[in-house]
Amino acid sequence: MRRTIQEALLQDAARLTEVLAISPSSARIEIQCLLQQVLNVPRVWLLAHSEHYPDEAEQTHYHELLQRRLRGEPVAYLLGEREFFGLMLKVTSATLIPRPETELLVELALSRIPQQSFCRVLDLGTGSGAIALALAHARPDVEVLGCDASNTALAVAHANAQQLAIANAAFIHSDWFKAFTAQKFNIIVSNPPYIAAGDPHLARGDVRFEPISALVSGGDGLHDIRHLAAHAPGHLESGGWLLLEHGYDQAVQVRELLQQAGFDLVFSACDLVGIERVSGGRIV
């Protein structure tokens, strides 16, 4: 049965709200995004043409996307893109979906990049390249290197750098520090896996569709953070910073790991909802 844009918005937003237990406003925005994708039009066009009937091919495409969303697949994967720090990034199921809380990590790194002297930044586990590209875009004078153990993810990061024409960010294959023998950096940032194996959150929401290797880190969620805290000092210049995103209840443990590894000025910073989301420290 053919439906107008307005009918699809009303009926399918209600279905999303019921099936996925999301707010009516979020559901409406999601349906608008799917319609914009299928019709290749801006949001204002949808609002101005609410009585428009999509053609049969458009209806079929929209129905396919809607069914995938009703099964819980993230909208970012359906659209193939997500905005992060003002940049529109390509995302695929090979990468984590960039999230607003990770922008705190970018802001903290930017505040520690000197205005004049040369600075090299390393983004470990770069995924889509979101953090590295946000830093490189904000500071074209800084040299940013992103690495990942997944070649599939690296292909996405390379594509994003090319699409955004960001020339001061490069990406290489490396399992954490393995590709870096004697190289040192002024700032190291990472949004590593930090969910404990068996955590019930892994069976809920968007994370069901995201790469498990980018989410899970041992029995307590801290395996990779322990590794990064222990090995980062050997790859930081004197006065360099390590900044790590972590779980909502891990700040105390991460600060202890940083202190044990010899970092000073150890701190944690809260995201917009007041959760200690990023911790870091400086190496002397």
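Residues numbered from 1 in each chain as written. Predicted model: local features only at pLDDT ≥ 70, side-chain atom pairs only at ≥ 80, totals over all residues. Heavy atoms only, no water.

Asks: Talk me through the overall build of the chain; I want residue IDs and the actual numbers.
Replies: Looking only at helices and strands, the chain features 10 helices and nine strands. Taking 19 Å as the expected radius of gyration for a compact globule of 284 residues, we find that the chain reaches 21 Å, a close match to that expectation. Seen through its C-alpha atoms, the chain measures out along the principal axes to roughly 65 × 40 × 30 Å. Of all 284 residues assigned to the chain, the portion counted as buried reaches 48%. If you take every contact in the chain between residues at least 6 apart in sequence, the share linking residues at least 24 apart comes to 64%. Looking at the chain as shown, the accessible area adds up to about 13400 Å², and 53% of this sits on carbon and sulfur atoms. Of the side chains in the chain, 22 bear a positive and 32 a negative charge, and the two mean positions are spaced by 1 Å. (Helix = DSSP H or I, 4+ residues; strand = E, 2+ residues; numbered from the N terminus. Rg over C-alpha atoms; globule rule 2.2 N^0.38 Å. Buried < 20%, exposed > 50% of the residue type's maximum accessible area, 1.4 Å probe, protein only. Contact = heavy atoms within 4.5 Å. Areas by Shrake-Rupley, 256 points an atom, 1.4 Å probe, with all protein chains shown as cover. Lys, Arg positive; Asp, Glu negative; His and termini not counted. Charge placed at Lys NZ, Arg CZ, Asp CG, Glu CD.)

Asks: So what's going on with empty space enclosed by the protein? Residues and values would help.
Replies: Here the structure, examined in full by the defined rule, presents one cavity of 30 Å³ or more. Estimated volume of the largest cavity: approximately 40 Å³. Taken together, the elements giving at least two residues each to the lining of the largest cavity come down to α1 (5-20) and α4 (56-70). The class makeup of the residues in the lining of the largest cavity is five nonpolar, two polar and one charged. (1 Å grid on protein atoms, 1.4 Å probe; cavity = no way out; pocket = protein on both sides within 12 Å on 5 of 7 lines; lining within 4 Å. Points joined across faces, edges and corners; volume = space filled by probe spheres on them. Nonpolar A, V, L, I, M, F, W, Y, C, P; charged D, E, K, R; others polar.)

Asks: If you had to explain helix α9 (residues 223-231) to someone new, which residues and values would you point to?
Replies: Every α-helix winds through 3.6 residues per turn, so residues three or four apart in the chain are directed the same way. Among the residues of α9, Asp224, Ile225, Leu228 and Ala229 are the ones counted as buried. Summarising the axial view, the buried residues of α9 lie within an arc of 135 degrees, below the 170-degree limit, and thus occupy one face. In α9, those exposed residues whose orientation departs by more than 90 degrees from the buried face are His223 and Ala230. Turning to α9, the residues buried within the fold contact β3 (120-124), β6 (185-190), β7 (236-245), α10 (251-260) and β8 (263-270). (Arc of directions from axis to C-beta.)

Asks: Could you give an account of the sheet that holds β3, with specific residues and numbers?
Replies: Spatially, β5-β4-β3-β6-β7-β9-β8 is the arrangement adopted by the seven strands of the open sheet, whose pairing is mixed. This sheet does not close on itself; its edge strands, each paired only once, are β5 (169-173) and β8. The sheet shows a mean angle of 20 degrees between the axes of neighbouring strands, direction not considered. Contacts from helix α8 (residues 151-164) reach β4 (143-148) and β5, with the element oriented near 165 degrees to β5. (Pairing = 2+ DSSP bridges. Axes fitted to C-alpha atoms, helices over the stretch in contact; angles between N-to-C directions.)

Asks: Lay out the pairing of β4 in plain terms, naming residues and giving numbers.
Replies: The side chains of a regular strand alternate between both faces of the sheet. Most of β4 is tucked away: five of the six residues are buried. Of the pairings in the sheet, the one linking β3 to β4 comprises five bridges and is parallel in character. When the bridges of β4 are listed, Val121 appears paired with Val144. After leaving β3, the chain enters helix α7 (residues 130-138) and then returns to the sheet as β4, a path that is right-handed. Relative to β5, β4 is paired through five bridges, and the arrangement is parallel. The partner of Cys147 across the bridge, within β5, is Ile172. Handedness of the crossover is the feature at issue here: the chain leaves β4, passes through α8, returns alongside β5, and the resulting connection is right-handed. (Right-handed = clockwise from strand over helix to strand, strands pointing away.)

Asks: Give a detailed account of the nonpolar core, specifying residues and quantitative values.
Replies: Of all hydrophobic cores here, the largest spans 34 residues; its most connected members are Val121, Leu133, Leu135, Val144, Phe171, Val189 and Leu243. Of all elements in the fold, only β2 (87-90), α6 (103-110), α7, α8, β5, β6, β7 and β8 reach the threshold of two or more residues within this core. A total of seven residues in this core trace back to one element, the largest contributor, which is α7. If sequence neighbours within four positions are ignored, Leu243 has contacts with Leu105, Leu108, Ala109, Arg112, Ile187, Ile188, Val189, Ser190, Phe267, Ser279 and Gly280. Ranked by size, the runner-up nonpolar core spans 27 residues in total, among them Leu122, Leu228, Ala229 and Val254. (Core = buried A, V, L, I, M, F, W, Y, C linked by side-chain atoms within 4.5 Å.)

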